[in-house]
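One-letter residues, chain by chain:
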Amino acid sequence: MGGGDGGDDSVLHFVFVHGASHGAWCWYKLTTLLDAAGFKATSVDLTGAGINLTDSNTVVDFEHYNRPLFSLLSDLPPHHKIILVGHSIGGGSVTEALCKFTDKISMVVYLAADMVQPGSTSSPHDSTMAVGEEDIWEFTYGEGDDKPPTGMLMKEEFRRHYYYSQSPLEDPTLACKLLRPAPLRALNGADKLAPNPEAEKVPRVYIKTAKDNLFDPLRQDRVVEKWPPSQLYILEESDHSAFFSVPTTLFAYLLRAVSFLQL
Ligand SMILES: CC[C@H]1c2cc3[nH]c4c(c3C)C(=O)[C@H](C(=O)OC)c4c3nc(cc4[nH]c(cc(n2)[C@@H]1C)c(C(C)=O)c4C)[C@@H](C)[C@@H]3CCC(=O)O
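Per-chain numbering applies: the sequence of each chain, read as written, is numbered from 1 onward. With pLDDT at 70 or above as the cut-off, local features in this predicted model cover only qualifying residues; side-chain atom pairs require 80 or more to be listed or tallied, and sums for whole chains, interfaces and linings still use all residues. Note that water and hydrogens are dropped before the side-chain values are worked out from all heavy atoms of the structure.

J.: Provide a residue-level description of the overall build of the protein, including the pertinent values.
T.: Elements are defined by DSSP. Helices are runs of H or I of four residues or more, strands are runs of E of two residues or more, and each kind is numbered from the N terminus. When helices and strands are tallied, the protein shows 10 helices and 9 strands. In terms of overall dimensions, the protein has C-alpha extents of about 55 × 35 × 35 Å along its principal axes. Whether a residue is buried, partly exposed or exposed follows from its accessible area with a 1.4 Å probe, protein chains only, as a fraction of its type maximum: under 20%, in between, or over 50%, in that order. Relative to its full complement of 263 residues, the protein shows a buried share of 55%. At a minimum sequence separation of 6, the contacts of the protein that also span at least 24 residues come to 73%. Residue burial considers only the protein chains on display, and all accessible areas are found by Shrake-Rupley using a 1.4 Å probe. For the protein, the accessible area works out to roughly 11700 Å², and carbon and sulfur atoms hold 55% of it. Side-chain charges in the protein split into 22 positive and 34 negative, and the spacing between the mean points of these groups amounts to 2 Å. Contacts are assigned to residue pairs with any non-hydrogen atoms lying within 4.5 Å of each other. Only four residue types enter the charge count, namely Lys and Arg as positive and Asp and Glu as negative; His and the chain termini do not. To locate a charge, take NZ of a lysine, CZ of an arginine, CG of an aspartate or CD of a glutamate.

Take a look at the structure:
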């Protein structure tokens, strides 16, 4: 979705990676703003997400999940570098891509995202995914009810509050038609990376979402403390889904972030 083969090296090229259950579709406001401003913007569907044809319940490893992103990066022309933006648990995918394709990436932007230093042993995440006392997740059992769950999707009645509390109503309405179960087993492979000094040299930007009911802003602060980025921005009015709630401010912050790039 969006963009072509990455041909013109003089134009900054942004590549967007969605979080759990979302898809390339969730970036439609940002890619429109960037295209209109003369940038190149591409958003990918990871395996089993958006309009990717694979059943997400069959995606068992993180490499398979990330393959569409890795293909995009490996198909870029020589010397073409991109700015890679990851949302939420899509942060794990962009860090994996950073380690594999370091020379293709000029900057990584983490938006309310999982940002874990390669080689670090601890994760800022408590594995229960519990938010308060509520049971907000619905599990899918692609291999039978007697086998472990294969997918995970937020229950419909909780989505407005946890994902989209500050977003225009029509965005969650559309999103609810498009969300798909996240591949549990593949996501379990996220953040298990060896130390990578080369990847550490690439500038990283963290964008915090201050009215986020899912990824608590205090937990985002801990992520930033553990692996300090070169730039930090705060979207004061944003819910977890800044691409819906504050697209123009997010667009402005992305432009400010890349203005520090030495090209
Ligand atoms: C517990 C299963 C699996 C997992 C699933 C998962 N993670 C997130 C969602 C789902 C279904 C979300 O909906 C949310 C998101 O992407 O919104 C678009 C998720 C987040 N996950 C985060 C960090 C994070 N998750 C995991 C691990 C898992 N997530 C399980 C394997 C880790 C690791 C590797 O330990 C980390 C660091 C956040 C960025 C968001 C917000 C979720 C929250 O704050 O609870």
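Now that the structure is up, let's keep going.
J.: Quick rundown of the pairing of strand β3 (residues 82-87)? Include the residues and the values.
T.: Here β3 lies mainly inside the structure; 6 of its 6 residues are buried. Alternating residues of β3 divide into I82, L84 and G86 and I83, V85 and H87, and every residue in both groups is buried. Sheet analysis places strand β1 (residues 13-17) next to β3, joined by 4 bridges and oriented parallel. Counted as the bridge partner of F14 is I83 from β3. A pair of strands counts as paired when DSSP detects no fewer than two bridges linking them. With 6 bridges connecting them, β3 and strand β4 (residues 105-111) associate as parallel partners. Looking at β4, one finds that G86 is bridged to Y110. Seen with its strands pointing away from the viewer, a crossover is right-handed if its path from the first strand over the helix to the second goes clockwise. You can see the chain leave β3, run along helix α3 (residues 90-100) and come back into β4, and the turn it takes is right-handed.

J.: Explain the sheet that holds strand β5 (residues 137-140) to me, using residue names and the numbers behind them.
T.: Strand order in the open sheet formed by 3 strands is β5-β6-β7, and the pairing between neighbours is antiparallel. Both outer strands of the open sheet, β5 and β7 (182-183), are each paired with one neighbouring strand and no more. Sheet topology places β5 next to strand β6 (residues 151-154); 4 bridges connect them, and they run antiparallel. Each residue of the ladder has a partner; that of F139, found in β6, is M152.

J.: For the packing of helix α1 (residues 28-36) against helix α10 (residues 247-258), give the residues involved together with the corresponding values.
T.: In this analysis, axes come from line fits to C-alpha atoms, helices being fitted only over the stretch in contact, and the angle between any two N-to-C directions falls in the range 0 to 180 degrees. Two elements in contact, α1 and α10, have axes whose closest approach is 10 Å; the angle formed by their N-to-C orientations is 55°. Relative to α10, α1 is oriented oblique. As for the relative orientation of α1 and α10, their crossing is right-handed in sense. For the pair α1 and α10, the contacting residues are K29, L30, L33 and L34 in the first and P247, T248, L250, F251, L254 and L255 in the second. Its residues placed into classes, the contact of α1 with α10 shows 8 nonpolar, 1 polar and 1 charged. Working definition: roughly parallel below 35 degrees, roughly antiparallel above 145 degrees, roughly perpendicular at 65 to 115 degrees, and oblique for all remaining angles. We call a crossing left-handed when the near helix sits turned anticlockwise from the far one by less than a right angle, and right-handed when that turn is clockwise. Each residue is assigned to one class: nonpolar for Ala, Val, Leu, Ile, Met, Phe, Trp, Tyr, Cys and Pro, charged for Asp, Glu, Lys and Arg, and polar for all the others, Gly among them.

J.: Go over the pairing of β4, please, and point to the residues and values.
T.: The side chains of a regular strand alternate, first on one face of the sheet and then on the other. Counting buried positions over the 7 residues of β4 gives 7, a clear majority of the element. Looking at chain direction, β4 and strand β8 (residues 204-209) are connected through 4 bridges and run parallel. Looking across to β8, one finds that V109 is bridged to V205.

J.: Break down the sheet that holds β3 for me, citing the residues and quoting the values.
T.: Pairing is parallel across the open sheet formed by 6 strands, whose spatial order is β2-β1-β3-β4-β8-β9. With partners counted over all chains shown, the strands left at the sheet margins are β2 (40-44) and β9 (231-235), one partner each. Strand after strand, the sheet turns through a mean of 20° between neighbouring axes, direction not considered. Across the face of the sheet, α1 comes into contact with β1 and β2 while running at roughly 160° to β2. Helix α8 (residues 217-226) rests against β8 and β9 of the sheet, and its axis sits at about 165° to β8.

J.: If you had to explain unusual backbone geometry to someone new, which residues and values would you point to?
T.: The backbone of S88 shows a phi angle near 55°, a positive value even though the residue is not glycine. With respect to the secondary-structure elements, S88 resides in the loop between β3 and α3. A positive phi angle is found at D191, which is not glycine, with a value near 65°. When you line up the elements, D191 lands in the loop between α6 (184-187) and α7 (197-200). Judged by relative accessible area, D191 falls into the partly exposed class, the value being 21%.

J.: Now, about the site of the ligand: what can you tell me, with residues and values included?
T.: Around the ligand, 25 residues are found, and the nearest of them are A20, S88, Y163, D191 and R219. Within 3.5 Å is the distance limit for a polar contact, defined as a pair of N or O atoms, with the added protein rule that one can donate a hydrogen and the other accept it, and that residues adjacent in sequence qualify only through two side-chain atoms. L214 places a polar main-chain atom, nitrogen or oxygen, 3.1 Å from an oxygen atom of the ligand. Burial of the ligand by the protein amounts to 93% of the accessible area it has alone, namely 840 Å². Of the residues in the shell around the ligand, the class split is 13 nonpolar, 9 polar and 3 charged. We call a residue near a molecule or strand when any one of its heavy atoms sits within 4 Å of it.

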